[in-house]
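# Structure at a glance
Each chain, letter by letter, is given below.
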Amino acid sequence: MASSVRRIKLGSQGLEVSAQGLGCMGMSAFYGPPKPEQEMVELIQHAINSGITFLDTSDVYGPHTNEILLGKAMKGGWREKVQLATKFGVVNEDGNMIIKGDPQYARAACEASLKRLDVDYIDLYYQHRIDTNVPIEVTIGELKKLVEEGKIKYIGLSEASASTIRRAHAVHPITAVQLEWSLWTRDAEEDIIPTCRELGIGIVAYSPLGRGFLSSGPNMKETMSKDDYRQQMPRFKQENMEHNKLIYERVNEIATRKGCTPGQLALAWVHHQGDDVCPIPGTTKIENLNQNIGALSVKLTSEETAELESLASDGFVKGDRYGGLIPTWKESETPPLSSWKAE
């Protein structure tokens, strides 16, 4: 199958990926019950055949089952075609979320992910959330050793502040920072994105479709299962949905005018942010995957971009991203290196 997906350089260390990736979390966790394994393997392989070669997972998705799923999907010659990203640092202990970034844990987590994925190396290894008890230099120092040993190729950070990114990058070049970026989440534009650009770090935009809201609108609530994690998120609460649906309605209007879907328009907006940005929309349906790829050929004029940005200006969206359920870059400052006593 001819690929219509262009390639981009992510960061300055040589990693090259498809301009759009595939977020695999929802196949196994958080957005309702896990989806049938064989269907998800077929979806992943269809994505690769279509030119989407950048796959995103984490050890906490499941936990562990999403990595195992990707391991199965890559059997039989698929591994060589993909750039595989996984993450460590979030541990679910008896329903409580613990963030861990100590060197021993980082190493053990990497070894465990390699086993579950059944691969010799991980292309991009992210610290999923920042452990505020461990200086970032200490965690990155251990990841640097894993790079030197060939277990990981490139290092990434997820939900890290600009100052944390700078400190990490001084220890070993950071290839990519993963952050939430979409028409309804733009708080990283002020400080984090300019810092990444100054340092030559690639930007991976997760939830570029606003966790499905920008592609499905408020009606998505009707099909969400009771255990769907989004039910707890402030933006999806009924009182905020009533207000936030205005964004979806406007996006839908502009999309109709352009002859594309609202999801394609929202995704095209992220693609238009620059060649150093790779959105990783997730899906569990081949039809939606094909639509997402279609977003790559939606071209926006400067007027259309301005119109989209005016309707999604900072402060317009009601409800916090996580409502304190999960730490973000705002809670990612770590102690100074001088405070660290190695165990």
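Residues numbered from 1 in each chain as written. Predicted model: local features only at pLDDT ≥ 70, side-chain atom pairs only at ≥ 80, totals over all residues. Heavy atoms only, no water.

### Observations concerning the environment of Ala109
To keep things clear, this is the line we draw: Under the DSSP-based scheme used, a helix requires at least four consecutive residues in state H or I and a strand at least two consecutive residues in state E, with every element numbered from the N terminus. Exposure categories follow from relative accessible area, calculated using a 1.4 Å probe and restricted to protein chains: below 20% of the type maximum is buried, above 50% is exposed, and the middle band is partly exposed. Two residues form a contact once any of their heavy atoms are found within 4.5 Å.
Topologically, Ala109 is positioned in helix α3 (residues 103-117). Residue class for Ala109 comes out buried when judged on its relative accessible area of 5%. Separated by 21 residues in the primary sequence, Ala109 and Phe88 place their C-alpha atoms 6.3 Å from one another. In this structure Ala109 touches Asp59, Phe88 and Tyr125, once residues within four positions along its chain are discounted.

### Some details on the sheet that holds strand β9 (residues 152-158)
Our working definition: Two strands qualify as a pair provided that DSSP identifies no fewer than 2 bridges between them.
Ordered by their spatial adjacency, eight strands build an open sheet running β3-β4-β5-β8-β9-β10-β11-β12, and the pairing between neighbours is parallel. Unpaired on one side and paired on the other, β3 (22-23) and β12 (277-279) mark the two borders of the sheet. Alignment of strand β4 (residues 54-56) against strand β5 (residues 83-88), held across three bridges, turns out to be parallel. Residue pairing for β5: Asp56 is matched across the bridge by Ala85.

### Looking at helix α2 (residues 65-73)
Along α2, the residues that are buried comprise Asn66, Glu67, Leu69, Leu70, Gly71 and Ala73. Among the structural elements, α1 (37-49), β4, β5 and α3 are those in contact with the buried residues of α2.

### With respect to the pattern of salt bridges
This is how the line gets drawn: Here, a salt bridge means any side-chain nitrogen of Lys or Arg that lies within 4 Å of a carboxyl oxygen of Asp or Glu.
For the coordinates displayed, the defined rule picks out 26 salt bridges. For the salt bridge of Lys87 with Asp56, the shortest nitrogen-to-oxygen distance reads 2.7 Å. Taken together, the residues span a long stretch of sequence, with Lys87 in strand β5 and Asp56 in strand β4 at a distance of 31 residues. For the pair shown, Lys87 and Asp56 are each scored as buried. Between Glu159 and Arg321 there is a salt bridge whose closest N-O contact spans 2.8 Å. Here Glu159 is found in the loop between β9 and α5 (162-171), whereas its partner Arg321 is found in the segment after α12 (302-311), with 162 residues between them in sequence.

### Re unusual backbone geometry
Geometrically, the link from Gly62 to Pro63 is a cis peptide bond, its omega value of -10 degrees lying close to zero. By the secondary structure assignment, Pro63 is in the loop between β4 and α2. The phi torsion at Glu159 lies on the positive side, around 55 degrees, for a residue other than glycine. Its identity is not glycine, yet Arg211 carries a phi of approximately 55 degrees, on the positive side. Inspection of the secondary structure puts Arg211 in the loop between β11 (202-206) and α7 (213-216). Overall, the relative accessible area of 10% leaves Arg211 in the buried class.

### What to know about the nonpolar core
The test is simple: To define a nonpolar core, start from buried Ala, Val, Leu, Ile, Met, Phe, Trp, Tyr and Cys residues and group those joined through side-chain atoms within 4.5 Å.
The biggest cluster of nonpolar side chains holds 103 residues, and the ones touching the most others in it are Phe54 and Leu157. Every residue in contact with Phe54, bar those within four places of it in the chain, is listed here: Leu10, Val17, Ser18, Gly21, Leu22, Gln83, Ala85, Leu124, Tyr126, Val204, Cys278 and Ile280. Counting six residues, the second largest nonpolar core, distinct from the first, contains Ala29, Val60, Val90 and Ile99.

### Quick look at the environment of Ile122
Relative to the helices and strands, Ile122 resides in strand β8 (residues 122-127). Overall, Ile122 belongs to the buried group, its relative accessible area being 0%. Along the backbone, Ile122 and Leu311 are 189 residues apart, and their C-alpha atoms lie at a distance of 39 Å. The residues touching Ile122, leaving out its near neighbours within four places in the chain, are Arg79, Leu84, Thr86, Cys110, Ser113, Leu114, Leu117, Lys151, Ile152 and Lys153.

### Remarks on empty space enclosed by the protein
The condition is simple: Cavity: a set of points on a 1 Å grid over the protein atoms alone where a 1.4 Å probe fits but cannot get out. Pocket: an open set with protein on both sides within 12 Å along at least five of seven lines, its lining residues, like those of a cavity, having an atom within 4 Å of a point. Grid points are joined across faces, edges and corners, and a volume is the space filled by probe spheres set on the points. Any residue that is not Ala, Val, Leu, Ile, Met, Phe, Trp, Tyr, Cys, Pro, Asp, Glu, Lys or Arg is counted as polar, Gly included; the first ten are nonpolar and the last four charged.
A full pass over the atoms with the stated rule returns one cavity of 30 Å³ or more. Volume-wise, the largest cavity comes out at about 50 Å³. Taken together, Glu180, Trp184, Arg211, Met233, Pro234, Arg235, Phe236, Asp320 and Arg321 form the lining of the largest cavity. Of the residues assigned to the lining of the largest cavity, the class counts are four nonpolar, no polar and five charged.

Note that every value here comes from positions in space, so none of it alone points to a role or purpose.
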